[in-house]
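Chain residues, written in single-letter form:
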Amino acid sequence: MKTELSRFLRPKSVAYIGGAQIAGPIRATKRACYDGAIWVVNPSRDEIEGVRCFKSVADLPLPPDAAVVGLSPERAITAVAELAAAGAGGAVVMSSGFAELGTDVGRERQARLKAAAGAMPLLGPNCMGMINQFSGAAAWGDDNHIERQDGPAAAIISQSGALLIGMTNVEQAFPLGYAVSLGNQSVTTMADIVDAVLEDDRIRAIGLYIEGVDDGEAFGQACRRALTKGVPVIALKGGDGAEGSKVSLSHTASMVVERDIWEAFCARFGIVEVGSPKALVETLKLLTIGGIPEGNRVSIVSYSGGLNGLAATRANKTGIALPMPTAANAEFLSGLLPETVAINNPLDLNIPFSASDGSVSMKNTAGVADALTAFGDDVCDQMVFFIDVPRPGADGLDRVWCDSLEALIAVRRKLGVPVSVAGIMPEGLPVEFRRHMHANGVAALLGYAETMEALDVGIRLAEAHRQLADATPPEPLLRGGNEPSAPAMLNEAACKRALAAFGLEVPPFEIAEPAAAAAAAGRIGFPVAVKVLSSTIAHKARVGGVALNLNDAADVQTACAAMAKRVAGADGGHVVEQVLVERMIAGSDGEMIVGVKRHPAMGLALMVGRGGSRAEEMARFETTLLPLAEGALGAMFARLGVAEHPAAAKLDKACRAVAAYAEANRDRLVTLDVNPVMLTASGGAIAADALIVLGG
């Protein structure tokens, strides 16, 4: 574990600084039988929760490995400075009132808190803190259930403390080792914690709840290190959209990441998303206990034909493949199971509770194990058994169901693939049974929908890890930073010349005054397009500044005269002093848009989509971060349906030209759009229009 965080995350002593608000975490730590030292700092009380109070940090027997600061913002800054001076291993600042306010006062206060911490790790401010369920230590902001773990286990790192409160207080038999709430990340970041928990070999999967990112490269590289170690990273993303951005500010004070840039970031660094907090929990269980599957083949078993129908339908909408057993195993199963059982995948294991003749029944654990092993042998990458076990009762109503499920332990051992048992309902498996299955290498999951999502996430992780493991690691992300000052738009001719210098193909064109446009058209060759040339009009067509398919000099003269009138009457009025005359692109077979935008934390991103005048309306595009990673363009073209187009190679060249220009102008580029890029049946990809805004 990283030296500066190992002491903090695995503390041998925890100090609690504050009053009534620190009583809860003290109770949680004592209840979890934490065997380290518990100290309390409060100048006006003798004890809190039976623990003697020291008057100040300086009075503590030793510098604490971890400290919880439950004070007002200004007093918290003072306490952090005292802890740093004493040599503490790290601190949690629960207080709000810092940068999450979005005010100058809050930002200034957070800057002083960061300065007070110096090199000392610090979670927060505006966070719950950290629970180590391996040791029972709660450097945490409230009372909490702590379910002790030995390992293997997962870690959850969250920009929302409330989500962690729910997961740790409600979820049982959840193999969770570390729960870390980040808050504003004034000192210690998500990347730091990812790196730190990776050093603990008991951690087999990492879950993230994330809204904003401050340093995309550092965070991404931490996730890539997890990938190379074989530890999957699963993310639940919040804060999307304008309203989500407003909400997330109060949680994180980090820069919200737009959906398309976030998805590009995940693809680059091997992160796979889930859709809900419960799906995050179930996916972490599956990956922690079973590991990442080798492929997409899943053998599904249940005692319910109805559930199997639902599962088969859901599988068809995901990457899950449902293989049939081998011919030899299908024949074996037909002889082993009652004739009422049809050999299908999903398999409706319609067997009796018991059988007097010794044939396969739910009580015949060995027989069920033989059947399930044959069902999945040589054809599956993971197996799941869906079942709801009745609540335990005086008559042992649950026992007969659990007998057959014991077979999954042997199946896991024989098949050597992840094997799970899943309650169809969210409360479908008893807690102690779940713990028992986990201890024997079988993941016990809850909820049909969440389990199906977890299976699919495992498959997508396997594919992401395969692709990235075989690819050359991408170059560091281009520096983002704030948008350059004094942005100014280049006119279309300047844009095309600048991009052509990097390899973008553009039509022949000339700049002319309106009176000389016809002569310019004659030199270029008809048919031509004539467009108003301006460094202030971004959307020329909207103001009537474009005329297409002009076939002779008279057409050009008429078009220029009409254009001057339209443009003069639009948007406050503009004077057409110059026009751009260019040859029409022949043989058009599709329009694309290629653009670049910037994000302060993620840097520059290349966007490729279906283009033309309806590009925004269609909203069909793909995004990748720059510099281009190996295989990124090919994957984007495939999803956009242009990978097999005759112009695919030239479109690739056009995208690389735009990317190269963006990299060369990374410090000045505000935005860039080439729209449309005309694809031709003969294999061309020619830029019909371009817009560049530079700052500085």
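None of these values were measured; they are calculated from a predicted model.

On to the overall build of the chain, then. Counting secondary structure elements, the chain contains 23 helices and 30 strands. Dimensions of the chain along its principal axes, counting C-alpha atoms only, are 95 × 80 × 40 Å. Out of the 696 residues belonging to the chain, those deemed buried represent 56%. The long-range share in the chain, meaning contacts at least 24 apart out of those at least 6 apart in sequence, stands at 70%. Accessible surface for the chain amounts to roughly 27,400 Å². Of this, 52% is attributable to carbon and sulfur atoms. When the 61 positive and 77 negative side-chain charges of the chain are each reduced to one mean point, those points stand 3 Å apart.

Quick look at the packing of helix α12 (residues 327-336) against helix α13 (residues 365-376) now. Remark: α12 packs on α13, axes separated minimally by 9 Å, with the N-to-C direction vectors making an angle of 155°. On the basis of their axis angle, the class for α12 and α13 is roughly antiparallel. Our pair here, α12 against α13, has a crossing hand that is left-handed. For the pair formed by α12 and α13, the contact residues are Asn329, Phe332, Leu333 and Leu336 on the first element and Gly367, Asp370, Ala371, Ala374 and Phe375 on the second. A breakdown of the residues in the contact of α12 with α13 according to their chemical character gives six nonpolar, two polar and one charged.

Once that is clear, we can look at the nonpolar core. Grouped together as the largest cluster of nonpolar side chains are 89 residues, with contacts concentrated most on Leu123, Ile157, Val197, Ile206, Leu208, Phe219 and Trp262. Among the elements that take part in this core, helix α6 (residues 190-198) stands out by supplying seven residues, more than any other. Contact partners of Leu123, with chain neighbours within four places excluded, come to Phe8, Ala91, Val92, Val93, Gly129, Met130, Val180, Ser181, Leu182, Thr188 and Ile193.

So, about the pattern of salt bridges. Where charged atoms from two side chains of opposite charge approach closely, those side chains can pair. All told, the structure shown has 35 salt bridges when counted by the stated rule. In this structure, Asp195 and Arg225 form a salt bridge, with 2.9 Å as the shortest nitrogen-oxygen distance. You can see Asp195 sitting in helix α6 and its partner Arg225 sitting in helix α7 (residues 216-229), a full 30 residues away along the chain. The partner of Lys496 in a salt bridge is Glu492, with the nearest N and O atoms 2.7 Å apart. Here Lys496 pairs with Glu492, and both are found in helix α18 (residues 492-500), just four residues apart, close to one helical turn. The network of salt bridges with shared partners includes Glu492, Lys496, Lys531, Lys540, Glu582 and Asp689.

Turning to the pairing of strand β9 (residues 137-140), a few remarks are in order. Covered by surrounding structure in β9 are Ala137 and Ala139 together with Ala138 and Trp140, the residues of both alternating faces. The pairing of strand β8 (residues 129-132) with β9 spans four bridges and is antiparallel. Looking at β9, one finds that Ile131 is bridged to Ala138. Connecting β8 to the antiparallel partner β9 that follows it, the hairpin turn spans four residues, and Gly136 within it adopts a positive phi of roughly 90°.

Time to look at the state of the cysteines. A complete count under the given rule lists zero disulfides for this structure. For Cys223, which is in no disulfide, the shortest distance to another cysteine sulfur is to Cys266 and amounts to 8.2 Å. Judged by its relative accessible area of 1%, Cys223 falls in the buried class.

As summarised here, the arrangement of the five strands in space is β16-β15-β17-β18-β19, forming an open sheet in which the pairing is parallel. The open sheet has two edge strands, β16 (347-348) and β19 (443-446), and neither has a second partner. Here strand β15 (residues 298-302) pairs with strand β17 (residues 382-386) via five bridges, running parallel. When the sheet's bridge partners are listed, Val301 is paired in β17 with Phe385. Here α13 sits on the sheet and contacts β15, β16 and β17; the angle it forms with β15, its principal contact strand, is near 145°. Contacts between helix α17 (residues 448-470) and the sheet are confined to β15, β17, β18 (419-423) and β19, with β17 contributing the most and set at about 180° to the helix.

Let us look at the side chain of Ser299. Here Ser299 lies in strand β15. What Ser299 contacts, discounting residues up to four positions off in sequence, is Asn345, Phe375, Gly376, Cys380, Gln382, Met383 and Val384.

We now examine the confidence of the model for the chain. Here the chain averages 93 in pLDDT, and 96% of its residues register 70 or above. Confidence drops under pLDDT 50 across residues 242-250; counting only partners more than four residues distant or on other chains, this segment forms 12 contacts.

Before going further, it helps to spend a moment on the packing of aromatic side chains. For the coordinates displayed, the defined rule picks out seven aromatic pairs. Ring centres of Phe219 and Phe265 lie 5.3 Å apart, and the angle between their planes is 20°; on these two criteria the pair is classed as stacked. Of this pair, Phe219 sits in helix α7 while Phe265 is found in helix α9 (residues 259-269), placing the two residues 46 residues apart along the sequence. Like Phe219, the residue Phe265 is buried in the burial classification. Taken together, the aromatic side chains of Phe219, Trp262, Phe265 and Phe269 make up a single cluster linked through ring pairs. A cation sits over an aromatic face here: Arg202 above Phe134, 3.7 Å from the ring centre. Lying over the aromatic face of Trp262, Lys237 brings its terminal NZ or CZ to 6.0 Å of the ring centre.

Within the element layout of this structure, Glu100 appears in the loop between β6 (91-93) and α4 (104-117). Remark: the alpha-carbon pair of Glu100 and Glu582, spanning 482 residues in sequence, is separated by 52 Å.

Quick look at the sheet that holds β8 now. The strand order across the open sheet formed by seven strands is β9-β8-β11-β10-β12-β13-β14, and the pairing between neighbours is mixed. Whereas interior strands pair on both sides, the edge strands pair on one side only; in this sheet they are β9 and β14 (272-273). Bridging between strand β10 (residues 153-158) and strand β12 (residues 203-210) involves six bridges; their strand directions are parallel. What sits directly across from Ala154, in β12, is Ala205. Across the sheet, helix α10 (residues 277-290) touches β10, β12 and β13 (233-237), and the angle it forms with β12 is around 165°.

The subject of this paragraph is unusual backbone geometry. Of note, the bond from Gly151 into Pro152 is cis; its omega dihedral lies within 30 degrees of zero at -5°. Structurally, Pro152 is set in the loop between β9 and β10. Phe526 connects to Pro527 through a cis peptide bond whose omega is -5°. Topologically, Pro527 is positioned in the loop between α19 (517-524) and β22 (528-532). The backbone of Cys33 sits at a positive phi, close to 60°, despite the residue not being glycine. Mapping Cys33 onto the fold places it in the loop between α2 (23-31) and β2 (37-41). For Glu49, which is not glycine, the phi dihedral falls at a positive 55°. Looking at the secondary structure, you find Glu49 in the loop between β3 (47-48) and β4 (51-54). For Glu49, a relative accessible area of 31% gives the class partly exposed.

Look at α13 against helix α15 (residues 407-415): their axes get within 8 Å of each other, and the N-to-C directions meet at 40°. Looking at the two axes, α13 sits oblique to α15. Of the two elements, α13 crosses α15, and the hand of that crossing is right-handed. Of the residues in α15, those in contact with Thr365, Val368, Ala369, Asp370, Leu372, Thr373 and Gly376 of α13 are Ala407, Leu408, Ala410, Val411, Lys414 and Leu415. Looking at the contact of α13 with α15 residue by residue, the class counts come to eight nonpolar, three polar and two charged.

So, how was this worked out
Residues numbered from 1 in each chain as written. Predicted model: local features only at pLDDT ≥ 70, side-chain atom pairs only at ≥ 80, totals over all residues. Heavy atoms only, no water. Helix = DSSP H or I, 4+ residues; strand = E, 2+ residues; numbered from the N terminus. Buried < 20%, exposed > 50% of the residue type's maximum accessible area, 1.4 Å probe, protein only. Contact = heavy atoms within 4.5 Å. Areas by Shrake-Rupley, 256 points an atom, 1.4 Å probe, with all protein chains shown as cover. Lys, Arg positive; Asp, Glu negative; His and termini not counted. Charge placed at Lys NZ, Arg CZ, Asp CG, Glu CD. Axes fitted to C-alpha atoms, helices over the stretch in contact; angles between N-to-C directions. Parallel < 35°, antiparallel > 145°, perpendicular 65-115°, else oblique. Left-handed = near helix turned anticlockwise from the far one by under 90°. Nonpolar A, V, L, I, M, F, W, Y, C, P; charged D, E, K, R; others polar. Core = buried A, V, L, I, M, F, W, Y, C linked by side-chain atoms within 4.5 Å. Salt bridge = Lys/Arg side-chain N within 4 Å of Asp/Glu carboxyl O. Pairing = 2+ DSSP bridges. Disulfide = S-S within 2.5 Å. pLDDT = per-residue confidence, 0-100. Phe/Tyr/Trp six-rings, centres within 6.5 Å; stacked < 30°, edge-to-face > 60°. Lys NZ or Arg CZ within 6 Å of the ring centre and 35° of its normal.

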